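# Structural description and commentary
Here is what each chain is made of, one letter per residue.
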Amino acid sequence: LNPITMQNHKFDIVPAKKSKTVAVIGGGVGGIEVARIATLRGHKVTIYEKTDKLGGVFIAAAQPSFKEKDRMLIEWYRRQIAKLPIEVKFNTEVNDLSKIRADVIVVATGAKPKKLNIKGFDKTVEAIEYLNEVKPVGERVAIIGGGLTGCEIAYDLLLKGKKAFIVEYQDDIMKIDNLCMANYSYLRDYFDYANMPIYLNSSVSEIKDGSVVIKNKDGSTKEVEVDSVISAIGYTPAPLTDKHVKVVGDALSVGNLRTVVWRAWEVAEKI
């Protein structure tokens, strides 16, 4: 997460030639990193955050019991922002960039969950809703999506003693670039150990009260009883755009923590 490490001075923090006022729209990790590095370079930064706390979607990602290091990282970020001369305007949602007075505007407004056009999709619990414990789930849980988020949710459910299974459209789970091999291997081994069903090359064609209909790529279907369905099918960038702004984080491209942090540094060092 530290772009300075082993990068041959590519990301050294160099004082800005001219101090500018910088407005950062969004207080997730991308916004926080831009604000932090820009301030260390000598700029005057204000963060506009629509909620009452910093951390963005990473707060939900850090909720499972095995994410203690992620929770430590969030607290570290909050301490760093508090130590620096950065103004943070909480409970302030920005919908019109023309009202922001700053030399540079950085948009870090995150992403929105994708939706499936299938019957009964409104019955699903979105991944962040589950992680933030906004909506409870039952004992038998179907997870649509076998990316890292879906797999970590499955692992969390199994640790809680619930019965879970994954439905993944591709031919394998966690088909993600730059994924830590240790995490990948451990999750796979644990799913095998727990005998958790994984339906590959499959999709959920309908969600009913008490069951889901799973469709294989060959057209065959199978109905499985469930108490709850969690949607973990990914996110779509949701930037508050304007041709004169810089965009970071998931608002630019949905990625992982490393890609978000490195993009933030690249932007902050060009201001």
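Residues numbered from 1 in each chain as written. Predicted model: local features only at pLDDT ≥ 70, side-chain atom pairs only at ≥ 80, totals over all residues. Heavy atoms only, no water.

What follows covers the nonpolar core. Core analysis: the largest hydrophobic core is formed by 32 residues, its most contacted members being Val 22, Val 24, Val 34, Val 45 and Val 106. Among the elements of the structure, strand 1 (21-25), helix 1 (29-40), strand 2 (44-48), helix 2 (58-61), helix 3 (68-83), strand 4 (104-107) and helix 7 (257-268) are those that each provide at least two residues to this core. Ranked by the residues each element gives to this core, the list is headed by helix 7, at seven residues. Beyond its immediate stretch of four places on either side in the chain, Val 45 contacts Val 22, Val 24, Ala 35, Ala 38, Thr 39, Pro 85, Ile 86 and Glu 87. Within the second largest apolar cluster, 25 residues are counted, among which are Tyr 130, Ile 153, Leu 158 and Ala 164. (Core = buried A, V, L, I, M, F, W, Y, C linked by side-chain atoms within 4.5 Å. Buried < 20%, exposed > 50% of the residue type's maximum accessible area, 1.4 Å probe, protein only. Helix = DSSP H or I, 4+ residues; strand = E, 2+ residues; numbered from the N terminus. Contact = heavy atoms within 4.5 Å.)

By the alternation rule, side chains of strand 13 (residues 228-231) split into Ser 228 and Ile 230 and Val 229 and Ser 231, which are all buried. Sheet topology places strand 6 (residues 125-126) next to strand 13; two bridges connect them, and they run parallel. In the sheet register, Glu 126 faces strand 13, and the bridge partner there is Ser 231. Where strand 7 (residues 140-144) meets strand 13, four bridges bridge the pair, whose relative direction is parallel. Counterpart to Ala 142 in the pairing with strand 13 is Val 229. (Pairing = 2+ DSSP bridges.)

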